[in-house]
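Each chain, letter by letter, is given below.
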Amino acid sequence: MGARTDAADLRGRVKDLRGALDLIADRSDPEVLATAGAALESASERLDLGVEHTVVALVGGTGSGKSSLFNAVSRLNFADVGVKRPTTSRMTACAWSDHADALLDWVGVDADRRINRISALDDESERALDGLVLLDLPDHDSVRTENREVVDRVVPMADLLVWVVDPQKYADDALHSGYLQTLVGAEGSMLVVLNQLDTVPPTQRDEILADVSSLLTYDGLGVVDVLGVSAVTGDGVDELRTRLAKVVAARSVASVRVSSELTRAGTLVADALSSEAPRSLDGFVAPAVDALAVGVGLEARGRTAALTLDDGSAAAAGVAVTPEVTARVRTSWLDGVGRHLSAGWRENLERVVTPAEEIAVAVDRAVGDVRLEAGPGRAVRRARASAVVLGILAVIAAGAGLALLLGWWDLPDGVGTGTYLLVGAGVLALGVVVALLVRGRARRQHAAERESRFVSVARERLTEVVGELLLQPSSPVLRDHHDARVLALAAAEQSPTGS
Ligand SMILES: Nc1nc2c(ncn2[C@@H]2O[C@H](COP(=O)(O)OP(=O)(O)O)[C@@H](O)[C@H]2O)c(=O)[nH]1
Ligand SMILES: [Mg+2]
């Protein structure tokens, strides 16, 4: 059995598909959900029955030859022949498998009563029995009740019951009333082996086989095959092995069927989930913020912030954004994020993304909270102060110079000094002009800074709003969508890049 149909692998795929279906529930096409759900149920039911191993149990009365047949079929000499209690109250198992231990634990076979038939020495003819677990059950007619308990436990989970009867005791009442009659309806998984056929004269063999058949018919089990064998001479043992190989083959057919069922269902689910759905929603944030910025008239507010020297409240308290604007932003968000999603997923997005009215309230609050530094900037204040100081100095210099020139103030070389002072006043006046120019520049610069500061703070706030009210609720939906697709592809055994 290859890895593809390994039971553990199939079980893992069932789990993946179940995970995918849990994620798409209520969001994907109900038809997809129903079809994949049904496939999942049938696959997991089939798996629960076991697909990796074929359990064949030899049952029958004491001395019928179960242990001898066990050895004949396994071509080993592991089971104790001709031994009764206590040995026969323990099951013996032969597994054509390397990983039947869990199953044998569950069945209750002691570790020292197990043998593995897979070995390097095995020839091709053992391959046909790959996956077979052959059990030699305790004698069902034993007086010991624990024997019966073991038989009762193992019989329902066996893929095939091989009833071993012998020519002397085949009409034994215990066989018929005890077990066979409870198995009406399960004939397909039963085979009656009439052992010790070598003890019957060849001329009577057909007759005795027909007799066994008619007894089975009498029990209501008319369609059960009867096979005559001899564990001692080996007659019919190959035929019995061929029958077992058929059951084993049917079993691996089952695992292939489960595998293809999972592939079909996983593909169906994955195909309903677009591979183009965005993984990250970050790219949708900026356009939404842009749209909201336009909606709240952020540019105009920025200009107001630049012109008024308050803390920005004049700009912040602009005209409130209307729910119509936020509804448009919300709709284009849903269209963008959900572009590749099917209707159910879009509806889910629509449900989880904050309503337009709430977005409008949040946007107003966010922009309304923006505060800036009040008053003119430091550079403006410094330039103005410089202008004032230079102006005062210029006036003083000019006054003093004039007073000297006009002779109101008497100093030695008053005319020379007065001329110097007037020239100095001129220079200072120039300084005033320069300071005023600088102030104007600083003022314009400050206004531009305020404008861009206001806009960028407001945009930050709007980004937070978009993150909280649009991005955060949308992300889990897209994550579920993606995870469901990955799980469905895993169930289908496809790589996520494919399809
Ligand atoms: N002649 C003959 N004897 C057999 C055959 N199969 C088993 N026996 C003998 O029947 C006795 C009981 O066999 P065993 O395999 O222990 O039966 P179990 O109690 O059902 O496990 C032993 O002495 C076997 O040698 C057979 O096909 N022909
Ligand atoms: Mg025995």
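Procedures and definitions
Residues numbered from 1 in each chain as written. Chains lettered and ligands numbered in written order. Predicted model: local features only at pLDDT ≥ 70, side-chain atom pairs only at ≥ 80, totals over all residues. Heavy atoms only, no water. Pairing = 2+ DSSP bridges. Helix = DSSP H or I, 4+ residues; strand = E, 2+ residues; numbered from the N terminus. Axes fitted to C-alpha atoms, helices over the stretch in contact; angles between N-to-C directions. Contact = heavy atoms within 4.5 Å. UniProt positions renumbered as here; feature names shortened; annotations may be inferred. Near = heavy atom within 4 Å. Polar contact = N/O pair within 3.5 Å; in protein donor to acceptor, adjacent residues only side chain to side chain. Areas by Shrake-Rupley, 256 points an atom, 1.4 Å probe, with all protein chains shown as cover. Nonpolar A, V, L, I, M, F, W, Y, C, P; charged D, E, K, R; others polar. Phe/Tyr/Trp six-rings, centres within 6.5 Å; stacked < 30°, edge-to-face > 60°. Buried < 20%, exposed > 50% of the residue type's maximum accessible area, 1.4 Å probe, protein only. Lys NZ or Arg CZ within 6 Å of the ring centre and 35° of its normal. Core = buried A, V, L, I, M, F, W, Y, C linked by side-chain atoms within 4.5 Å. Domains from an automatic or database assignment. Buried area = accessible area lost by both parts, 1.4 Å probe. Salt bridge = Lys/Arg side-chain N within 4 Å of Asp/Glu carboxyl O.

This part covers the sheet that holds strand β2 (residues 92–95). Strand order in the open sheet formed by seven strands is β3-β2-β4-β1-β5-β6-β7, and the pairing between neighbours is mixed. Edge positions in the sheet fall to β3 (114–116) and β7 (225–228), since each has one partner strand and no second. The mean angle between the axes of side-by-side strands here comes to 20 degrees, regardless of whether they run parallel or antiparallel. Pairing of strand β1 (residues 54–60) with strand β5 (residues 160–165), which is carried by five bridges, proceeds in the parallel orientation. Its bridge partner being in β5, Leu 58 is matched across the sheet by Val 162. The strands touched by helix α8 (residues 205–218) are β6 (190–194) and β7; relative to β7, the strand with the most contacts, the crossing angle is about 155 degrees.

Let us now look at unusual backbone geometry. The bulk of non-glycine residues show a negative phi, and the bulk of peptide bonds are trans. The backbone of Arg 75 shows a phi angle near 55 degrees, a positive value even though the residue is not glycine. The topology assignment puts Arg 75 in the loop between α3 (66–74) and β2. Non-glycine residue Gln 196 carries a positive phi angle of around 60 degrees. Residue position: Gln 196 is located in the loop between β6 and α8.

Time to look at the UniProt feature "transmembrane region" (unreviewed entry) in the protein. The feature "transmembrane region" (unreviewed entry), as annotated in UniProt, sits at residues 387–408 and 420–438 in this numbering. Regarding residues 387–408, the helix share stands at 86% and the strand share at 0%, and the terminal C-alpha atoms are separated by 28 Å. Between the first and last C-alpha atoms of residues 420–438 the distance is 27 Å; the span itself is 100% helix and 0% strand.

Close to ligand 1 lie 18 residues; Lys 66, Ser 67, Ser 68, Gly 82 and Asp 198 are nearest. One nitrogen or oxygen atom from the side chain of Ser 67 is found 2.7 Å from an oxygen atom belonging to ligand 1. Contact between ligand 1 and Gly 82: an oxygen atom at 2.6 Å from a main-chain N or O atom of the residue. Starting from 570 Å² of accessible surface for ligand 1 in isolation, the protein chains cover 78%. Counted by class, the shell around ligand 1 contains three nonpolar, twelve polar and three charged residues.

Let us look at the packing of aromatic side chains. A full pass over the atoms with the stated rule returns one aromatic pair. With a centroid separation of 6.2 Å and 70 degrees between ring planes, the pair formed by Phe 284 and Trp 333 is classed as edge-to-face. Note that Phe 284 is positioned in the loop between α9 (237–271) and α10 (285–295) and Trp 333 in helix α13 (residues 323–337), a separation of 49 residues in sequence. For Phe 284, a relative accessible area of 25% translates into the label partly exposed. One Lys or Arg, Arg 113, reaches over the ring of Phe 78 and ends 4.7 Å from the middle of that ring.

Here we come to the nonpolar core. Among the nonpolar cores identified, the biggest contains 67 residues, and Val 269, Trp 333, Val 363, Phe 454 and Leu 462 are the most heavily contacted of them. The biggest single contributor to this core is helix α17 (residues 414–491), with 15 residues. Here this core spans two domains, since at least three of its residues come from each of domain 1 (1–49 + 245–272) and domain 3 (282–491). One finds Met 91, Val 154, Leu 197 and Val 212 within the second-largest nonpolar core, a separate group that totals 35 residues.

Turning our eyes to something else, we now look at the domain arrangement of the protein. Domain assignment breaks the protein into domain 1 (1–49 + 245–272), domain 2 (52–235) and domain 3 (282–491). Contact residues are listed per partner, giving 15 residues for domain 1 and 14 residues for domain 3. If you sort the residues of domain 1 by the area they bury against domain 3, Leu 23, Arg 27 and Ala 270 come out on top, with a joint share of 50%. On inspection of domain 1 and its partner domain 3, the count reaches one salt bridge. Of the charged contacts in the structure, one is a salt bridge between Arg 27 and Asp 480, with a shortest N-O distance of 2.6 Å. Seen at the junction of domain 1 and domain 3, the total is five residue pairs in polar contact (both at pLDDT 80 or more). The set of elements that each furnish at least two residues to the side of domain 1 that touches domain 3 consists of α1 (7–24) and α9. The biggest single contributor to the side of domain 1 that touches domain 3 is α1, with seven residues. The residue inventory of the side of domain 1 that touches domain 3, partitioned by class, reads eight nonpolar, four polar and three charged.

With that settled, the discussion passes to the pattern of salt bridges. Per the counting criterion, the structure on display carries 19 salt bridges. Glu 126 is the salt-bridge partner of Arg 241, the closest N and O atoms lying 3.1 Å from each other. Of this pair, Arg 241 sits in helix α9 while Glu 126 sits in helix α5 (residues 124–127); the two residues are 115 residues apart in sequence, bridging distant segments of the chain. Exposure class is identical for Arg 241 and Glu 126. Each is buried. Residue Arg 243 is joined to Glu 239 by a salt bridge in which the shortest nitrogen-to-oxygen separation is 2.8 Å. Of this pair, Arg 243 and Glu 239 both sit in helix α9, separated by four residues, roughly a single helical turn. Using a relative accessible area of 21% as the deciding quantity, one classes Arg 243 as partly exposed. When salt bridges that share partners are traced, they join Arg 75, Arg 117, Glu 126, Asp 238 and Arg 241 into one network.

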